[in-house]
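Results of the structural survey
Spelled out, the chains give:
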Amino acid sequence: MDIRNEAFLVCAEWGPPRRTPRDQRLAECFPAVSEQEREAWLQEFKQVEDEIWKMAEEGGQSRHTRAALDTRMSARFPWMSRAALDHAWFLTGYYGWREGYDPQKV
């Protein structure tokens, strides 16, 4: 498994860990990885988050199937594991609901 999966899930954590800046969490969890590589991860994770937001804005889980998300995200980010894709699917639904983009969840 690609270490970026673990790093993505660390960055996407909710609750008290979210109070710690992402770069600090990555440094603490992956001390053997260079700062330059961790910074590259953060830039790529921003792209992942942007894609999740796009799908939420397009109607979230009411307009997209799980298979469509898996295909779309895997095409852009082939390193994403099942756990990373599960989290992306959750966020697509959550953001769609929270922001009112998902017409079936408003």
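It should be noted that the structure appears before, not after, this text.
Residues numbered from 1 in each chain as written. Predicted model: local features only at pLDDT ≥ 70, side-chain atom pairs only at ≥ 80, totals over all residues. Heavy atoms only, no water.

Core analysis: the biggest nonpolar cluster contains 26 residues, and Phe-8, Leu-26, Val-48, Met-73 and Met-80 have the highest contact counts within it. Among the elements of the structure, α1 (3-11), α3 (35-57), α5 (66-76) and α6 (82-98) are those that each provide at least two residues to this core. Considering every element that reaches this core, the biggest residue donor is α3, with seven residues. Residues within four places of Leu-26 in sequence aside, it is in contact with Ala-7, Val-10, Cys-11, Arg-38, Trp-41 and Leu-42. (Core = buried A, V, L, I, M, F, W, Y, C linked by side-chain atoms within 4.5 Å. Buried < 20%, exposed > 50% of the residue type's maximum accessible area, 1.4 Å probe, protein only. Helix = DSSP H or I, 4+ residues; strand = E, 2+ residues; numbered from the N terminus. Contact = heavy atoms within 4.5 Å.)

It is possible for side chains bearing opposite charge to pair when their charged atoms get close. A complete count under the given rule lists 13 salt bridges for this structure. Connected via shared salt-bridge partners are Glu-51, Lys-54, Glu-58, Arg-72 and Arg-76. (Salt bridge = Lys/Arg side-chain N within 4 Å of Asp/Glu carboxyl O.)

Here the focus is α6. Taking 1.5 Å per residue as the helical rise, α6 with its 17 residues ought to reach 24 Å, and the 24 Å between its terminal C-alpha atoms agrees with that figure. What α6 keeps buried is the set Ala-84, Leu-85, His-87, Ala-88, Trp-89, Leu-91, Thr-92, Gly-93, Tyr-95 and Gly-96. Where α6 is buried, its residues contact α1, α3, α4 (60-63) and α5. Of the residues flanking the end of α6, it is Gly-100, one or two places downstream, whose phi is positive at about 80 degrees. (Expected span 1.5 Å × (residues − 1).)

Positionally, Arg-38 belongs in helix α3. Put simply, Arg-38 is tucked away with no salt bridge, and the nearest opposite charge, on Glu-35, sits 5.0 Å away. Here the side chain of Arg-38 touches Val-33 through a polar contact of 2.4 Å, landing on its backbone oxygen. If we ignore the near neighbours within four places in the chain, the residues touching Arg-38 are Leu-26, Ala-27, Phe-30, Pro-31 and Val-33. (Lys, Arg positive; Asp, Glu negative; His and termini not counted. Polar contact = N/O pair within 3.5 Å; in protein donor to acceptor, adjacent residues only side chain to side chain.)

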